[in-house]
Amino acid sequence: MVIMAAIYLAAYRRSALFCRSHSTYVRKMRYLNKLKEDDSLCRQAQTSGTFYIFHNLSPFLQKVGKKYLTPQLSAAEMKRILEKFKETEQWIEKSVLIGCSDEHVPHFALDLGALEKSVIEAELKGSFTDLRKAFFVVDEKDSSLLASAQALLRWHDSHQYCSKTGQPTQKNVAGSKRVCHASGITYYPQMSPVVIILVSDGSRCLLARQASFPQGMYTALSGFCDIGEAVEEAARREVAEEVGLEVESLWYSASQHWPFPSSCLMIACHALVRRQQLEISMNSLELEEARWFGLEEIMEGLKREPNSAKQDNGRFLPWFPPKQAIAHKLINEWVKQQTSQSTQVL
Ligand SMILES: NC(=O)c1ccc[n+]([C@@H]2O[C@H](COP(=O)([O-])OP(=O)(O)OC[C@H]3O[C@@H](n4cnc5c(N)ncnc54)[C@H](O)[C@@H]3O)[C@@H](O)[C@H]2O)c1
Ligand SMILES: [Mg+2]
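The shown structure was predicted, so the numbers you read here are calculated from the model rather than taken from an experiment.

> How should I be thinking about the coordination of the magnesium ion (ligand 2) in this particular structure?
Geometry sets the ideal angles at a metal, namely 109.5 degrees for four tetrahedral donors and 90 or 180 degrees for six octahedral donors. Protein-derived ligands of the magnesium ion (ligand 2) are Ser 222 (O) and Glu 242 (OE), with the metal-ligand distances lying across 2.1 to 2.2 Å. Residue Ser 222 is found in strand S13 (residues 221–224), and its partner Glu 242 is found in helix H8 (residues 231–243); the two are separated by 20 residues along the sequence. Taking relative accessible area as the criterion, Ser 222 reaches 26% and is therefore assigned partly exposed. Overall, the relative accessible area of 3% leaves Glu 242 in the buried class.

> Would you explain the pattern of salt bridges in this entry?
Where charged atoms from two side chains of opposite charge come close, those side chains can pair. Under the criterion given, the structure shown has 17 salt bridges. Between Arg 237 and Glu 241 there is a salt bridge, with its nearest N and O atoms 3.0 Å apart. In this pair, Arg 237 and Glu 241 both sit in helix H8, 4 residues apart, roughly one turn of the helix. One connected set of salt bridges, linked through shared partners, spans Asp 226, Glu 229, Arg 237, Glu 238 and Glu 241.

> Where do I start with the pairing of strand S1 (residues 50–55) in this structure?
Two faces make up the sheet, and in a regular strand the side chains alternate between them. When you tally the buried positions in S1, you get 6 out of 6 residues, the bulk of the element. With 5 bridges joining them, S1 and strand S6 (residues 106–111) adopt parallel strand pairing. For Phe 51, the partnering residue across the bridge sits in S6 and is Phe 108. In this sheet, strand S4 (residues 73–74) lies alongside S1 in antiparallel orientation, the contact comprising 2 bridges. Its bridge partner being in S4, Phe 51 is matched across the sheet by Leu 73. Alignment of S1 against strand S2 (residues 58–64), held across 2 bridges, turns out to be antiparallel. Residue His 55 lies in a different strand from S2, and its bridge partner there is Ser 58. The hairpin turn running from S1 into S2, its antiparallel successor, is 2 residues long, and Asn 56 in that turn takes a positive phi close to 45°.

> Hey, could you run me through the packing of helix H2 (residues 24–37) against helix H3 (residues 39–46) in this one?
Pairs of packed helices are described in terms of their axes, by the angle between the two and the distance that separates them. The geometry of H2 relative to H3 is characterised by a closest axis approach of 5 Å and an angle of 110° between their N-to-C directions. Relative to H3, the element H2 is oriented roughly perpendicular. Where H2 abuts H3, its residues Tyr 31, Lys 34, Leu 35 and Glu 37 lie against Asp 39, Leu 41, Cys 42 and Ala 45. Its residues assigned to classes, the contact of H2 with H3 shows 5 nonpolar, no polar and 3 charged.

> Honestly, the sheet that holds strand S9 (residues 178–179) in this entry has me stumped. Any pointers?
In a beta sheet, neighbouring strands pair by backbone hydrogen bonds and run either parallel or antiparallel. On the basis of which strands lie adjacent, the open sheet formed by 3 strands has the order S8-S9-S10 and antiparallel pairing. Two strands bound the open sheet, and with one partner strand each, they are strand S8 (170–171) and strand S10 (186–187). Taken together, the 2 bridges between S8 and S9 define a ladder with antiparallel strand orientation. Bridging from a neighbouring strand, Gln 170 pairs with Val 179 of S9.

About the criteria used
Residues numbered from 1 in each chain as written. Chains lettered and ligands numbered in written order. Predicted model: local features only at pLDDT ≥ 70, side-chain atom pairs only at ≥ 80, totals over all residues. Heavy atoms only, no water. Donors = N, O, S within 2.8 Å, 3.2 Å for Na, K, Ca; no water. Helix = DSSP H or I, 4+ residues; strand = E, 2+ residues; numbered from the N terminus. Buried < 20%, exposed > 50% of the residue type's maximum accessible area, 1.4 Å probe, protein only. Salt bridge = Lys/Arg side-chain N within 4 Å of Asp/Glu carboxyl O. Pairing = 2+ DSSP bridges. Axes fitted to C-alpha atoms, helices over the stretch in contact; angles between N-to-C directions. Parallel < 35°, antiparallel > 145°, perpendicular 65-115°, else oblique. Contact = heavy atoms within 4.5 Å. Nonpolar A, V, L, I, M, F, W, Y, C, P; charged D, E, K, R; others polar.

Listed below in structure tokens is the structure:
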């Protein structure tokens, strides 16, 4: 069985690599899809793949100089670590597929939460770091990879049982689904859709803060989509609920997976509100403050670092979310829009 799978895997890789009619990207996506669908192919891929490790959902990082790296362990290194703990290779079965290289080396994520953290850290010369820190200190490409790997590990951890029968669910090898064999129900990993809206009146934009935010930080309005709601409806409702304004027009900007507090799909939009009613009526159950910002104040805020925001009188000057957050992109786009408008007027 294993030999057959190995032959198949080698043949599949060869055909995928030499198939000139498709781009590298298309071949890569097809290979990943195949690994999700074919358990024996994926089990074989685990023996030649690389592993990102986590401990109770905290990713493993290594600090090299001032940089934080996210090391990938080879299958042989994984085996060595597990043997050190007198654990069998069956642990590898707990890993989930999170991507592959252009050369079709598959990448997996594995949570070693049941093993002694300090021993692994000493052995591999690094540390398991809370994602709330790790996400902001690693390279941007690595931060989105860590976020989606953690989201998938978290989903498996919290979907061990069928919500209809209470029986244990089984993951497929890639970890792209779980099945309850008693009821036949298949569960797929989920994200909660959230709209994030940068409201503008044409020359100012509206930012808000919740009491739980770090001091001085303001961001765009946001909220979870209700069941059955379209993105446009959710955006209009959230603006009405949180600041009492009516959206006149709305346009999509981009989307992002956001891992805090757990797996949201952020759908980012710009909105223009009616000029006749610009007075904010804030919902103080959800927000601590919501106000209009002019272009100059936004440009100053974008330059400000959180640790330079505190003034001598103890108050904080406004600062905005870092580049990893889609709110940052919305604010930057608004600035570009404003500055190109003023150039056009001149
Ligand atoms: N990446 C970014 O730039 C960015 C910016 C702002 C907010 N966010 C994220 O957007 C998310 C939602 O923002 P919000 O707090 O303004 O939402 P919100 O205004 O909908 O308020 C949150 C409340 O909604 C309820 N709720 C409804 N459905 C929920 C669900 N599926 N999961 C959790 N709570 C649910 C809960 O009562 C919760 O307290 C947060 O996770 C936040 O981290 C990301
Ligand atoms: Mg909100």
